[in-house]
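# Coordinates in review
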Amino acid sequence: MTTLLTPERVTLSRLHAPTLQTIPDAVAENLRRVRAATTARIMAVVKADGYGHGAVTVARAAVDAGADWLGVTDVAEAVALRDAGLTVPILSWLNPSGVDAAAAAEHRVDIAVGSIEELRQLIADAADPVRVHLQLDTGMARGGSPLEEWPELLRLARTGRGRVEVVGVMGHLPRADEADPAANAAAVLRLRQGRDAVLRAGFGPVLVHLAATSGALTDPATHFDLVRVGAGLVGVDPSETTVLAGASRWTAPVVHSALVPAGTAVGYGGAHTTDRETHLSVVGVGYADGIPRELAAGAGVEIAGTRHPIVGRVSMDQIVVDTGAVLFPRGAVATVFGPEGGAVPSVQEWARWAGSIPHTIVTGIGARVQRSVA
Ligand SMILES: *Cc1c(COP(=O)(O)O)cnc(C)c1O
C-alpha cells in the first residue's frame, strides 16, 4: 500500500532550503482593507523586522499601497528604512538602546518620548531639533507618561524648544483586541485630555494617534489623526473580526523518509509510538527555526496537497511527520504555513497549536531560514 510520489513532482537533486517567502501583494491588500476601515492616516509598523517578514519589503509594499507613515522601535531600524530609499515620515518609540539624537535629526526620525528623564536626555543630546511625539500612558502601565506628570513634561518640552519640537501626542490601547468600543473608552478620554493640555500649553497642531490594528479595524472612535498598523499588514487581526491575507509562506524540505512498522517510537523520549505500519518523513526545521516545541495534537504540515500530522517531539532542527501510505522522497517540499488555506496550515492555526498568538509565530522564525520575496 505504498504510494511513491512520482519523481517529476519533486526536485531530488538539490534540496529546497527552508525558506520564508514574503508576499508583498498580500501586504498591499491588507493595507487597502485597513484603508477601507478608516479615514485617518495609516502608519505601517515594521518593528521586529516587519513582524519577521522583512522590514524593507513590508514597508515598501505598504507605502506603495498608500501608507503615510512608518513606525519602528529604534532609530537604527528607521535609518535602515531611510537607506532603502523610504522617504515618508518615520516614528520610533521605545528606543531600548537610547536615542541617537544626531541620527534622528539627520534622518528625520520622529521620537516618542514618554517620561521626563527621556525628554531631559533628548534635550541635552539634541544639537539639531528632533521631532517629538509625547507619549501618554492611556491605561497600560507599559510606557508613556502618567497624566499626572503631563504638566511637568509639557513645561520641560517648552524649555527645550529649538532642540525638541512637539509634533505628536500618542497613546496605546490595552484592550482593543476585545473588539468592544466600551473597552477603549477610558483610553480615548485620557488621550483627549492629554491632547487638550498640549494645545492649551501653546504647542502648535499635533498629530494624535492611539489605535493599532484592532482599534483601526473595530473602533473609529480610536482613530484620531493616524492609526498604527503592524500585525494587520502581515495578515494578523488580533480582534479576529476581519479576514486579512496571509503575507508569508514557510516551506522546508523532506530530508529523510522511511517505512516503519507499528510500535515504532518516534523522536526524543519516544513520546509518540506508531499504531500501524506507516511512512515517516523528517522535515528540516525545528525549534531553533521557530517551530514551537510545545504543540497541541493536530499540528501538521502540508506536503503535496495533504495535511500530515507532526508526531513525536519537536527537535532543534527537525520535525517528523506521519505520511501514512505515502512515501515522500528526500527533496519533497513541506509547507509549514501559508496563505492558501485547506491543507496548508495558517499562522493562526500554528498559534492555536502553540497556545500563543500569531505574532509569536511570525516573529520567532530563525535566521537560518532563508528569506525570499514573491
Ligand atoms: C506594535 C505596536 C503597534 C502595532 O500593533 P499591531 O497590533 O501589531 O498593529 C502600534 N503601536 C505601538 C506603540 C506598538 O508598539
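Anything mentioned here points back to the structure above.
A brief structural summary.

### Some remarks on the packing of helix H6 (residues 116-125) against helix H7 (residues 150-159)
How two helices sit against one another is set out by the angle between their axes and by the gap between those axes. Running from N to C, H6 and H7 point in directions that differ by 5°, and their axes come no closer than 10 Å. Here H7 runs roughly parallel to H6, going by the angle between their axes. Facing Ile116, Leu119, Arg120 and Ile123 of H6, the residues of H7 in contact are Glu152, Leu153, Leu156 and Ala157. Of the residues assigned to the contact of H6 with H7, the class counts are six nonpolar, no polar and two charged.

### Points about helix H8 (residues 181-200)
Residues separated by three or four positions in an α-helix point in the same direction, a consequence of the helix having 3.6 residues per turn. Counted at 1.5 Å a residue, the expected span for H8 with its 20 residues is 28 Å, and the 28 Å between its end C-alpha atoms agrees. Restricting attention to buried positions, one finds in H8 the residues Ala183, Asn184, Ala187, Val188, Leu191, Gly194, Ala197 and Val198. Residues of H8 that are buried in the fold lie against strand E7 (130-135), H7, strand E8 (164-170) and strand E9 (207-209). Phi turns positive one or two residues past the end of H8, at glycine 202, with a value near 95°.

### Brief notes about the site of the ligand
Every residue near the ligand is listed here: Lys47, Tyr51, Trp93, His172, Ala212, Thr213, Arg228, Val229, Gly230 and Ala231. Within the side chain of lysine 47, one N or O atom sits 2.7 Å away from an oxygen atom of the ligand. Residue tryptophan 93 places a side-chain N or O atom 3.1 Å away from an oxygen atom belonging to the ligand. In the complex, the protein chains occlude 91% of the 390 Å² of accessible area that the ligand would expose alone.

### Quick notes on the nonpolar core
Leu70, Leu81, Trp150, Val198, Trp250, Phe337 and Trp350 are the most contacted members of the largest nonpolar core, which totals 109 residues. Element by element, the count of residues in this core is highest for helix H3 (residues 55-64), at six residues. Summarising the domain contributions, this core has at least three residues from each of domain 1 (7-20 + 246-373) and domain 2 (24-234). Those residues in contact with phenylalanine 337 that sit more than four places away from it in its chain are Leu20, Ser248, Arg249, Trp250, Val344, Pro345, Ser346, Val347, Trp350, Ile361 and Ile365. The next biggest cluster of nonpolar side chains, apart from the first, holds six residues, and it includes Val260, Val266, Val282 and Val311.

### What to know about the packing of aromatic side chains
As enumerated under the stated definition, the model contains two aromatic pairs in all. Here the aromatic rings of tryptophan 250 and phenylalanine 337 are separated by 5.8 Å at their centres, their planes lie at 75°, and the arrangement is edge-to-face. One end of the pair, tryptophan 250, is in strand E11 (residues 248-260); the other, phenylalanine 337, is in strand E19 (residues 333-337), and 87 residues separate them in sequence. Each of the two residues, tryptophan 250 as well as phenylalanine 337, counts as buried. Ring centres 5.1 Å apart and planes at 75° place the aromatic pair tryptophan 350 and tryptophan 353 in the edge-to-face group. Taken together, the residues tryptophan 350 and tryptophan 353, both in helix H10 (residues 347-354) and three residues apart, mark about one turn of the helix. In this pair, the class of tryptophan 350 matches that of tryptophan 353, namely buried. The side chain of arginine 161 reaches across the aromatic face of phenylalanine 203, ending 4.8 Å from its centre.

The rules behind these values
- Residues numbered from 1 in each chain as written.
- Predicted model: local features only at pLDDT ≥ 70, side-chain atom pairs only at ≥ 80, totals over all residues.
- Heavy atoms only, no water.
- Axes fitted to C-alpha atoms, helices over the stretch in contact; angles between N-to-C directions.
- Helix = DSSP H or I, 4+ residues; strand = E, 2+ residues; numbered from the N terminus.
- Parallel < 35°, antiparallel > 145°, perpendicular 65-115°, else oblique.
- Contact = heavy atoms within 4.5 Å.
- Nonpolar A, V, L, I, M, F, W, Y, C, P; charged D, E, K, R; others polar.
- Expected span 1.5 Å × (residues − 1).
- Buried < 20%, exposed > 50% of the residue type's maximum accessible area, 1.4 Å probe, protein only.
- Near = heavy atom within 4 Å.
- Polar contact = N/O pair within 3.5 Å; in protein donor to acceptor, adjacent residues only side chain to side chain.
- Areas by Shrake-Rupley, 256 points an atom, 1.4 Å probe, with all protein chains shown as cover.
- Core = buried A, V, L, I, M, F, W, Y, C linked by side-chain atoms within 4.5 Å.
- Domains from an automatic or database assignment.
- Phe/Tyr/Trp six-rings, centres within 6.5 Å; stacked < 30°, edge-to-face > 60°.
- Lys NZ or Arg CZ within 6 Å of the ring centre and 35° of its normal.

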